[in-house]
Structures are given as C-alpha cells and as structure tokens.
Amino acid sequence: MDFDELLRGFSEVSAAIAKGPVVSTVTAAEIRGHLDSQYDFRQPLGLDAIVADVEQMLRTWQVQVTHPRYMGLYNPSVTPASVVGDTLAAIYNPQLAAWRTSPAANEIERHTLAWLAAKFGLPTETIATFTSGGTEANLSAVVVALTRSFPAYVEQGLRSVPGSPSIYLTRQAHYGLHRVARVAGLGCAAIRIVETDSHLKMDLADLARKVAEDRRNGFLPFMIVGNAGSTAAGVIDPLADLARFCKEENLWFHVDAAWGGAAVMTPRLKTHLHGIEAADSITCDAHKWFSVPMGAGMFFCRHPNAVREAFRADVTFMPAKSAETVADPYTTSLQWSRRFIGLKLFLSLAHHGESGYVEMIERQASLGELLRDLLQRAGWRVVNTTPLPVVCFTREGLDTSKFLAELYRHQIAWMSEVRVGDGAPVVRACITSFRTRESDLEWVVSQMGQLA
Ligand SMILES: Cc1ncc(COP(=O)(O)O)c(C=O)c1O
C-alpha cells in the first residue's frame, strides 16, 4: 500500500492543529443537536461528506492533545509511523488471540516486547503482552501476583485465602489501582497507603512498619507498587530499595511505569529508574511517552509460569497450539480477541530507531527543565521534584481554577489542576508532545505572567 497520501494528510492536519486553538468550549447540547440533525442512520450517506464532518467535529470540539501547547495529562502527539501502523492493523485486522491465526503479527509483537524487556533489564524468560492501557496492565499485575502468592486463588478465588491480602502504595500511585483492587475482588480496603518523604517518594520505614503491623494483625501482605513517574507529579519511588525490601519480605514488586518507563530508553534518564530491573512486573504504556496512538499498554512479568497459570484457558474451539516455542496470547493475558496493538510501536521504533527515541525523550526532559527554569525566573514556585518533564507550580494567592479558566479562554495552553501531597491545588504542566518547542514555552510563560 502507498501511504504517501495518508502521511501528507497527517502532516497537514498536524500543522493546522498547531496553528489553531488548543482548548474547546463546546457544550454537550451543541454536539447532540448536530448529531441529532445529521445522523438518524435511516439513509446511507456519502463517506466523503461524513468524514469531512467528523474531522470538523474533531478539529473544533476537543482539547487538541497533539497541539504543541497541550501540556496536560500523559497524552502524546503521535508519530507518523505509528499512525501508519494503526491504519495497517485496522486494514488487515489480524486476530492475535492465537499464534497460528496471526504468526507475523504475533512475532512482531513478541520481538518488540522482548527488545523493550531487555531495555528494562528484565531476564530473557520475561513474558510480556500488549494491553489496552496501563489499567489493564496493572490489573494483570494484581491477578498474577495473587496467583503466585496464593496458589489456590485461580481455582478457589479469594475465599480460599486464609486472611485479607494487602497491597502497599503511596497516595501518588494512580487511582486506577483502587479500582483494580475492587475488580480483583480485594476491595479498596486491601490498599494500604504508605507515607511519603518530602519529595513524595515512598517512605521505606513506614512501609516496613505497615507490613509488619499487618502481619501481626493477620493480614496477608503480598504486593508493593512502586511509582516510576507518578501521574500527578512524576515521582519516582526508591525502586532499588523497594526491590530489596520485597525480596527480603517475599512480596511481589510491581512498578507502575505507565508514563515514566520510556525513560529507560535514554542512558541519561535510565539511572533514575535504577531498581526497575528487579521488578516482578512492570506496567508501561506505549500510548504515553512512546508517542503512539491510544490504546497501547504493555505488561511485563519475569514469572512466565505465574502468568500462564493466571490466564490459562482450556477450550477446544481455538486453533491448536503450533509449537512449544510460541505462545497463544489468549492463554497469557486478559484479552481474548486481540487487536494488533503492537504494530504502531514496532513501526515507530523501527522508523525512528533507538537514537530517534533517545533524542525525542531527552529533548522533552530538557524542555521540562527549561520550563521549570522559566517559571522560577518569572516568580512562580515549583512544588515537585522529578527529573521527568512534569512541572507542578503555583504562586502566592493563586486561584488555580480561575487561572486555568483564563489560560484556556486565551488559548494559551492546556494545563491541569492537581494536588501535590496534602497541599492546596496547584497547576500541572507536562511536556508530553514532541512538537513542543522552546519558543512555545517562552511564549506561554510570558503570557501567563499577564494572567496571574
Ligand atoms: C502512572 C499511571 N499509571 C496508570 C495509568 C492508567 O493508564 P491508562 O490510562 O492507560 O489505563 C496512568 C494514566 O495516566 C498513569 O499515569
């Protein structure tokens, strides 16, 4: 297939987005009115007209996360190669559930994941799968950890466990983990919130205290979740210390590196994730800092047998296993029918190469430093500490929500509001687009000075 036209269109759309507004003020009533008036689905409509209309809606009625001045949550601009990958996946629509149905697609995913597992420093026997996102990967981690910690869990469920299993994390961990605990049947009460130090990193002494106390009280500690780039403030927990503690205490060590995991690509940033190589499992999202379209999460686990046990499936209607050396993803992951999620990452890695990614990720990290610097010089107070490009800041007497409303009204940038620790709300800006330039930051900070 010739993708020249698609890529030309992609490049034109990206350029138009960069020149246009970043924030939309549309109301649900406006959109519903339009949809009700245009689409009753009774008669077929021409595809060109529908596509033009949908594009117009997307162009004007959303926060443009691929805009250079989108400094929001971990939603990236997407590389052209990854767009081609997602398109190819849709066109060929391979079914990845069983290896035999899609040998090429399965091997492409396996190859990509094995390469990344090595980047994390995980052993060669590591098993990995693409997931819908970080939440599915975190759920997989909890289910596999339960399976390994409580062998009767797979057949008998939690009622076979002689006590209440508990998970340890900090308030910085993604809230999705609470939902994961609910879905896994543990309930939110299974989650123990560990205190943090002044940089919001997990406090090991408090962790040790809580684990010991829980054991004394008959609870069953089984898992610790360390942050490698927390959502609110980019916090990286002391991963090496946590790994050591988990080993000593026989606990499962999961690292949520949904966004920050991409830092292992660069020698300069990788040092900050030291200890991640000792994790029992890792969550990392390609649809965050690897700059590919949603949804592309990844789950890595160094215990293949536990993964196989957690997700085993004995059915007669699937194609028979081909050889011992290949895995059927429907027996090693939560999903059954599987889209070719990994192609967008494979194409993007192959096209940009490791060096291209190193440059992209380090440039974004440097822009984070520049933003910190510009803000401080302009009198803002930066309240978080991280080597990653997430900057949380405020100023004496700032009304964050009013400030953000003005920021949006003037189409200066999209940033968000967050509470860091127990403090008052502050502004959070993340360099999440590889399209952001130094000049964007200089302009944004100067414009913000006129609002605050
Ligand atoms: C650290 C972290 N973990 C997990 C998640 C959830 O990932 P997803 O939205 O891909 O399900 C996020 C989302 O931003 C995140 O930042």
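A brief report on the enclosed structure follows. In this text the structure is predicted, and so the values were computed from the model without any measurement.

Some remarks on the site of the ligand
- Among the 13 residues in the neighbourhood of the ligand, the closest are listed as Gly 134, Thr 135, Thr 231, Asp 256 and Asp 285.
- Between the ligand and Asp 285, the relevant distance is 2.7 Å, taken from an oxygen atom to a side-chain nitrogen or oxygen of the residue.
- No other element matches helix H6 (residues 134-149), which puts three residues into the shell around the ligand.
- Here the shell around the ligand is composed, by residue class, of two nonpolar, eight polar and three charged.

Brief notes about the pattern of salt bridges
- Counted under the stated rule, the structure contains 19 salt bridges.
- Its salt-bridge partner being Glu 362, residue Arg 268 comes within 3.9 Å of it at the nearest N-O pair. With Arg 268 in helix H11 (residues 267-270) and Glu 362 in helix H13 (residues 343-377), this residue pair connects regions lying 94 residues apart in the sequence.
- The partner of Glu 406 in a salt bridge is Arg 409, and the shortest N-O contact between them spans 3.0 Å. Here Arg 409 and Glu 406 lie together in helix H14 (residues 400-409), a separation of three residues that amounts to about one turn.
- According to the relative accessible area criterion, Arg 409 is exposed, its value standing at 58%.
- Salt bridges sharing partners connect three or more residues here, namely Asp 86, Arg 339 and Lys 344.

Let's talk about the packing of helix H1 (residues 4-19) against helix H4 (residues 80-92)
- Packing of H1 against H4 leaves a shortest axis separation of 10 Å and a crossing angle of 130 degrees. Accordingly, the angle class assigned to the pair H1 and H4 is oblique. The two elements H1 and H4 cross, and the hand of that crossing is right-handed. Mapping the contact onto sequence places Leu 6, Leu 7 and Phe 10 in H1 and Pro 80, Val 83, Val 84 and Thr 87 in H4.
- Its residues assigned to classes, the contact of H1 with H4 comprises six nonpolar, one polar and no charged.

What counts as what
Residues numbered from 1 in each chain as written. Predicted model: local features only at pLDDT ≥ 70, side-chain atom pairs only at ≥ 80, totals over all residues. Heavy atoms only, no water. Near = heavy atom within 4 Å. Polar contact = N/O pair within 3.5 Å; in protein donor to acceptor, adjacent residues only side chain to side chain. Helix = DSSP H or I, 4+ residues; strand = E, 2+ residues; numbered from the N terminus. Nonpolar A, V, L, I, M, F, W, Y, C, P; charged D, E, K, R; others polar. Salt bridge = Lys/Arg side-chain N within 4 Å of Asp/Glu carboxyl O. Buried < 20%, exposed > 50% of the residue type's maximum accessible area, 1.4 Å probe, protein only. Axes fitted to C-alpha atoms, helices over the stretch in contact; angles between N-to-C directions. Parallel < 35°, antiparallel > 145°, perpendicular 65-115°, else oblique. Left-handed = near helix turned anticlockwise from the far one by under 90°. Contact = heavy atoms within 4.5 Å.

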